[in-house]
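One letter stands for each residue in the lines below.
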Amino acid sequence: MATVSLKLLVDNSTQKVVFAEAGKDFVDFLFGLLEIPLGSLLNHLANQGMCESWTLSKVYQSVDKLDKEYLQPDQTKTSLLHPQMSSSNTKGAPLMQQLGYRKSQSSSSSYYGSSNRSDDKKEVDGYVKESVTYMISDDLTVKPVSSISSISLINSLGVKDIATLEEKIVNIDMQKALELVRTSFGSNTVLTDVFVGKAAKKC
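Residues numbered from 1 in each chain as written. Predicted model: local features only at pLDDT ≥ 70, side-chain atom pairs only at ≥ 80, totals over all residues. Heavy atoms only, no water.

**Thoughts on the nonpolar core**
Working step 1: Leu-6, Phe-26, Ile-136, Leu-180 and Phe-195 are the most contacted members of the largest nonpolar core, which totals 29 residues.
Working step 2: Per-element tally for this core: the top contributor is helix 7 (residues 174-184), with five residues.
Working step 3: Apart from residues no more than four positions distant in its own chain, Phe-26 is found in contact with Val-4, Leu-6, Ile-136, Ile-172 and Leu-180.
Working step 4: Judged by nonpolar contacts, the second largest core, of eight residues, contains Leu-9, Phe-19, Leu-153 and Leu-165. (Core = buried A, V, L, I, M, F, W, Y, C linked by side-chain atoms within 4.5 Å. Buried < 20%, exposed > 50% of the residue type's maximum accessible area, 1.4 Å probe, protein only. Helix = DSSP H or I, 4+ residues; strand = E, 2+ residues; numbered from the N terminus. Contact = heavy atoms within 4.5 Å.)

**Quick look at unusual backbone geometry**
Working step 1: The backbone of Gln-15 shows a phi angle near 55 degrees, a positive value even though the residue is not glycine.
Working step 2: Along the chain, the position of Gln-15 falls in the loop between strand 1 (4-11) and strand 2 (16-22).
Working step 3: Non-glycine residue Leu-140 carries a positive phi angle of around 70 degrees.
Working step 4: The topology assignment puts Leu-140 in the loop between strand 5 (134-137) and strand 6 (142-144).

**Things to note about the confidence of the model for the chain**
Working step 1: Overall, the predicted model of the chain reaches an average pLDDT of 76, with 72% of residues at or above 70.
Working step 2: When pLDDT is averaged over each helix and strand of the chain, the minimum, 44, is found for strand 3 (residues 104-107) and the maximum, 93, for helix 8 (residues 190-196).
Working step 3: Below pLDDT 50 for its whole length, residues 100-119 participates in 42 contacts with residues either more than four positions away or in separate chains. (pLDDT = per-residue confidence, 0-100.)

**What to know about the pairing of strand 2**
Every regular strand shows the same layout, with side chains that alternate between the two sheet faces.
Working step 1: Taken across its seven residues, strand 2 has five buried, putting it largely inside the fold.
Working step 2: Pairing analysis gives five bridges linking strand 1 to strand 2, with the strands arranged antiparallel. Counted as the bridge partner of Lys-7 is Glu-21 from strand 2.
Working step 3: Between the antiparallel neighbours strand 1 and strand 2 lie four residues, among them Gln-15 with a positive phi of about 55 degrees.
Working step 4: Two strands pair when backbone bridges link them, and strand 2 and strand 5 are joined in this way by four bridges, in the antiparallel orientation. Of the residues in strand 5, the one forming a bridge with Phe-19 is Ser-137. (Pairing = 2+ DSSP bridges.)

So this is what it looks like as structure tokens:
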């Protein structure tokens, strides 16, 4: 499948990611995670080393093992374990084609406006504009890149010598994307844990 590139700025003296620079595809992937039904996300993670210690994993396993006779007549285990996004499509960022994705809607009127004219709205791919480069912090905070914000972040992290900083390009496929999601449930240094590895946290 297609991959998404991410440019990391790594502090070699501490073996930590200072921040990453990303384009629209990766930010669309992160933002799109907020729209994926939790059951669907846990289903993907179940095959990618979902942490057994997660309380929600116990809920997921409970549904999986529960006999269907205990469910209401109009309920199925499939609807809980494999929920679908009714507005999903396959024209978004490559990673979201697998994890779930929908087109965002833009409107010439207010987002909550009352206009019913069909030509007032148009569908656009993803969530953020393509012409912008975004800065992703180690804890997955997303901001538009600016020289001021970059310098401020470097200073706040106590980087003493910029000579220790190194750019590193990484490619994110489906497996790496799921690893990012899994790690984000229990870490605030997600990029370091996934791509540098020395500070990786175990479940």
